[in-house]
Amino acid sequence: MKPDIPPAELVEISESDVVELARFIASQSGRESPSVESHLRWFLLDNPARDPQIPFGCGLRLPHGEFVGCILYVPQTFRFQQQTFPVVWSSCFYVDKRYRRNGGLVIFFRFAKLVSRWPLFANSANADAAKFWKVQRAAPIPYSDHELFGVLRWRGMIEEGLRRRGAPQTLARMASAPAALFVPPFKRLKLEGGRPEDLVPLVSAEQVMQLPIHGPAPELTANRDLRYIRWRYFSGRDATVAVFAFRNQQLQSDVLVTVNQRPRGYRGQIRTLNVLDIYPAVKPEVCASIVAALMERYRATVDAIVLRGLDEARQKVFLRRGFMRRQFEAPNGWFLDKSGFLPTRNLYLVPADGDWLI
């Protein structure tokens, strides 16, 4: 006989809940609770788009205070032409396995009620969460159903592949080194001519504000104002974040480029560089030049470069240059705007938005 499952109450999350919420998210994500708490205080409390009308989120809570489910509401300001618009992202959608049968639906439907006041977005939805967005008749964010993976060093990738096929960990590690020597040439990246000197490091939000990122936005995109840039890239939260101005003879003016680094693989053996933002949008060949320059700059310290959200023209450019397409089980990006708050469906979303690669 299964033990009785205590009833859980649907509650709004407030600032006073951050410590207990961090414990729950840590238990679900495998991260350390102090690290999660620090992240939540930055992501929720320091967010420059924070709005007192928007709760921090909602959750399922037991009578003695323990969370068994949550979804966070993360506001962000977007821009189209000269107008700005608030949107709300979903984040940290977790439900304890004892409550998943109905708890996830209850939590998500509470979040979805916000659509009467704000457009809703997600870009970290797994296949299960995608089903909830479909029920609400949300639209998938274009090109959010995959990522492009450019491998510089194959050892960690081969080890990962062997491990997933059931090879013992020791054998996978030992076999990966000699196997990497025999990777065929057609699987190697063909990003020739990258010039790391074209990437000029920027060390303050004020320097970023001098770039041409403030003109009328032809697509719906993040409002990259001083407060957002300072919070997102210069808050000291992530030592791997780097911000550059890309400049070369192909361009009339500088382009903002931002990246971070994250470990991948079953034991974190694949060091990846994630391209978070390229703005204003540039032609596919210029995009390839930017990534080639990043590859040369980070060649000694990363094993792969990760690209997300690229349109078909840019995908073709990178696939021709040796990047691999990694398909997701479902789109992990969605938007819902039943009330028609957004003036366009023409989107320029980047991994720095929401919590895709934070």
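You'll find the structure just up there.
Here is what the cut-offs are and how they apply
- Residues numbered from 1 in each chain as written.
- Predicted model: local features only at pLDDT ≥ 70, side-chain atom pairs only at ≥ 80, totals over all residues.
- Heavy atoms only, no water.
- Phe/Tyr/Trp six-rings, centres within 6.5 Å; stacked < 30°, edge-to-face > 60°.
- Helix = DSSP H or I, 4+ residues; strand = E, 2+ residues; numbered from the N terminus.
- Buried < 20%, exposed > 50% of the residue type's maximum accessible area, 1.4 Å probe, protein only.
- Lys NZ or Arg CZ within 6 Å of the ring centre and 35° of its normal.
- Contact = heavy atoms within 4.5 Å.
- Polar contact = N/O pair within 3.5 Å; in protein donor to acceptor, adjacent residues only side chain to side chain.
- Pairing = 2+ DSSP bridges.
- Axes fitted to C-alpha atoms, helices over the stretch in contact; angles between N-to-C directions.
- Arc of directions from axis to C-beta.
- Core = buried A, V, L, I, M, F, W, Y, C linked by side-chain atoms within 4.5 Å.
- Patch = residues over 30% accessible without salt bridge, like charges linked within 9 Å, V, L, I, M, F, W, Y side chains within 5 Å.
- Areas by Shrake-Rupley, 256 points an atom, 1.4 Å probe, with all protein chains shown as cover.
- Salt bridge = Lys/Arg side-chain N within 4 Å of Asp/Glu carboxyl O.
- Expected span 1.5 Å × (residues − 1).

## Comments concerning the packing of aromatic side chains
Part 1 of the argument: Taken as a whole and assessed by the stated rule, the structure comprises 17 aromatic pairs.
Part 2 of the argument: Centre to centre, the rings of Y228 and W231 are 6.2 Å apart; their planes meet at 50 degrees, and the pair counts as tilted. You can see Y228 and its partner W231 sitting in helix α8 (residues 226-233), three residues apart, about one turn around the helix.
Part 3 of the argument: Given the relative accessible area of 9%, W231 is considered buried.
Part 4 of the argument: The rings of Y73, F93, F108, F111, F132 and W133 are connected pair by pair, giving a single aromatic cluster.
Part 5 of the argument: Directly above the ring of Y279 sits R224, whose terminal nitrogen or CZ lies 3.8 Å from the centroid.

## Details of the environment of A245
Part 1 of the argument: Summarising the element assignment, A245 is placed in strand β10 (residues 242-246).
Part 2 of the argument: A sequence separation of 160 residues divides A245 from F85, and the C-alpha atoms of the two residues are 26 Å apart.

## What to know about the environment of R271
Part 1 of the argument: Looking at the element boundaries, R271 is found in strand β12 (residues 270-279).
Part 2 of the argument: A residue is classified by how much of its surface remains accessible, and R271, at 37% relative accessible area, is partly exposed.
Part 3 of the argument: The contacts of R271, once residues within four sequence positions are left out, are R153, R262, A300, T301, V302, D303 and A304.
Part 4 of the argument: A distance of 3.3 Å separates the side chain of R271 from the backbone oxygen of T301, its partner in a polar contact.

## Notes on the sheet that holds β12
Part 1 of the argument: Strand order in the open sheet formed by seven strands is β8-β10-β11-β12-β13-β7-β14, and the pairing between neighbours is mixed. For this open sheet the edge positions go to β8 (199-201) and β14 (324-327), each flanked by a neighbour on one side alone. Between one strand and the next, the sheet's axes are offset by a mean angle of 35 degrees, whatever the strand orientation.
Part 2 of the argument: Bridge analysis of β10 against strand β11 (residues 255-264) gives five bridges, and the strand direction is antiparallel. Bridging from a neighbouring strand, A242 pairs with V259 of β11.
Part 3 of the argument: Relative to β12, α8 is tilted by about 175 degrees, and along the sheet it contacts β10, β11 and β12.
Part 4 of the argument: Here helix α9 (residues 284-298) sits on the sheet and contacts β8, β10, β11, β12 and β13 (304-308); the angle it forms with β10, its principal contact strand, is near 130 degrees.

## Description of helix α4 (residues 127-135)
Part 1 of the argument: Considered for burial, the residues of α4 that qualify are A129, A130, F132 and W133. Burial along α4 is one-sided: seen end-on, the buried residues are contained in an arc of 155 degrees. Summarising the geometry of α4, the exposed residues directed more than 90 degrees from the buried face are D128, K131 and V135.
Part 2 of the argument: Those residues of α4 that are buried lie in contact with β4 (83-95), α3 (100-112), β5 (120-122) and β15 (334-336).
Part 3 of the argument: Backbone nitrogen of D128 and a side-chain oxygen of the N-cap are separated by 3.1 Å at the start of α4; the cap is N126.
Part 4 of the argument: Backbone geometry just after α4 places R137 at a positive phi near 60 degrees.

## With respect to the nonpolar core
Part 1 of the argument: Ranked by internal contacts, the top residues of the largest apolar core, which has 85 residues, are L294 and F318.
Part 2 of the argument: No other element matches the 10 residues that α9 contributes to this core.
Part 3 of the argument: Discounting chain neighbours no more than four positions away, the residues touching L294 are L199, F244, V257, V259, L273 and V275.
Part 4 of the argument: Within the second largest apolar cluster, 28 residues are counted, among which are Y73, A129, W133 and A330.

## Let's talk about a nonpolar patch on the surface
Part 1 of the argument: A cluster of nonpolar residues, L105, F109 and V135, forms a patch on the protein surface that exposes about 240 Å² of accessible area.
Part 2 of the argument: Along the chain, V135 falls in helix α4.

## Quick notes on α9
Part 1 of the argument: Counted at 1.5 Å a residue, the expected span for α9 with its 15 residues is 21 Å, and the 21 Å between its end C-alpha atoms agrees.
Part 2 of the argument: Tucked into the core, α9 has its buried residues touching β8, β10, β11, β12, β13 and α10 (312-320).

## Description of the pairing of strand β7 (residues 146-151)
Part 1 of the argument: Most of β7 sits out of view: six of its six residues are buried.
Part 2 of the argument: Where burial is concerned, the two faces of β7 agree: the one with H146, L148 and G150 and the one with E147, F149 and V151 are both buried.
Part 3 of the argument: Where β7 meets β14, four bridges bridge the pair, whose relative direction is antiparallel. Pairing of L148 across the sheet is with R325, part of β14.

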